[in-house]
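# An overview of the molecular structure
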Amino acid sequence: MTDQSEHTFDGAVAIVTGGGGGIGGALAERLSDAGARVVVCDLDADSSRAVAEGITERGGHAVSFAGDASDEDTIAASIELAERTFGPVDYYFANAGVAAGDGIEPSDDVWSLALDVNVRAHVRAARLLLPGWLERGRGYFVSTASAAGLLTQIGSAPYSVTKHAAVGFAEWLSVTYGDRGIGVSCVCPMGVDTKLLHDDAALSPLAARAVTTAGTVLSPRDVADCVLAGVVTGTFLILPHPDVLDMYRNKGSDYDRWIRGMRRYQNALAAADAQTHT
Ligand SMILES: NC(=O)c1ccc[n+]([C@@H]2O[C@H](COP(=O)([O-])OP(=O)(O)OC[C@H]3O[C@@H](n4cnc5c(N)ncnc54)[C@H](O)[C@@H]3O)[C@@H](O)[C@H]2O)c1
């Protein structure tokens, strides 16, 4: 069930965090293809600049902004840049994310990083944007969470916990402000072919294999197309991998059975790993 309204991108102003590559880079490019003017934000100044320049070279409108998407002053500065350059922000894509550590072992600093980037960044951005959106009677918040936020992330407690929190926050925003013109979508992909999935420093090998074995690994561009199609129709839960809906239903219909199944899956992955190392 969607909110029935059609949302358009032509002439709209969008901010994309984590826009320097991966899903965020593809979102920025597809938004521009659809006529939006885009502020491409990333911690990595070179990558956000490259994405923004690529867009402008193809005739689109984009500026880059380097900074931490979880820092309140930085978020405020990116909103100010968008307003000054293009006009009021219509869409905020809270997409930057980190895959923080293995098991429950990560230090409190790593947990804090995951909580900051994967959750508090969303809360802080929404807090800054909502007053203007409510005054205008419109605005749209898109959260890139993960299938790990509906199911779990084998191998990483911080990622599982923070992505569940991101889903919870997006739900709350939609329930609380959906009748006042604020759109919210929550994107929950499984595997996507990006640095986050393949960089050993991000997800542990077990966690990455749990994702790649569970289903198709999509391209960032396919995910971006799916996200924009979902936003146009005001769909809350955007599932680039449709199978996730069945998995989520199975979890809801019999939680204990689902947990037993996940344990079996984890054991099978560990056994396969042990075999390749003997
Ligand atoms: N790749 C997958 O399989 C997958 C699956 C489900 C969800 N996701 C989510 O998709 C989102 C995008 O990840 P991706 O797969 O494109 O990975 P990616 O590593 O290619 O992109 C993430 C981008 O975020 C930037 N970033 C990290 N911390 C930041 C911060 N504090 N402020 C600003 N920018 C920051 C990085 O520099 C990078 O450019 C993340 O939220 C991730 O959790 C990814």
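Residues numbered from 1 in each chain as written. Predicted model: local features only at pLDDT ≥ 70, side-chain atom pairs only at ≥ 80, totals over all residues. Heavy atoms only, no water.

A separate point is the side chain of D90. With respect to the helices, strands and loops of the structure, D90 is situated in the loop between α3 (72–85) and β4 (91–94). On the basis of relative accessibility, which here comes to 10%, the residue D90 falls in the buried class. Of note is the side chain of D90, whose polar atom sits 2.8 Å from the backbone nitrogen of V13. Among residues more than four places away in sequence, those in contact with D90 are A12, V13, W133, R136, R138, G139 and Y140. (Helix = DSSP H or I, 4+ residues; strand = E, 2+ residues; numbered from the N terminus. Buried < 20%, exposed > 50% of the residue type's maximum accessible area, 1.4 Å probe, protein only. Polar contact = N/O pair within 3.5 Å; in protein donor to acceptor, adjacent residues only side chain to side chain. Contact = heavy atoms within 4.5 Å.)

What follows concerns the nonpolar core. Within the largest apolar cluster, 37 residues are counted, with the highest numbers of intra-cluster contacts made by I15, V39, Y92, F141 and L173. For this core, the secondary-structure elements that each account for two or more residues are β1 (13–17), β2 (37–42), α3, β4, α4 (108–136), α5 (157–177) and β6 (182–187). Counting residues per element, this core draws most heavily on α5, at six residues. (Core = buried A, V, L, I, M, F, W, Y, C linked by side-chain atoms within 4.5 Å.)

Right, let's talk about the sheet that holds strand β3 (residues 61–66) for a bit. Read across the open sheet, the seven strands follow the order β3-β2-β1-β4-β5-β6-β7; overall the sheet is parallel. This sheet does not close on itself; its edge strands, each paired only once, are β3 and β7 (237–238). Two strands pair when backbone bridges link them, and β1 and β4 are joined in this way by three bridges, in the parallel orientation. Following the sheet pairing, V16 is matched in β4 by F93. (Pairing = 2+ DSSP bridges.)

These figures come from the coordinates and say nothing about function on their own.
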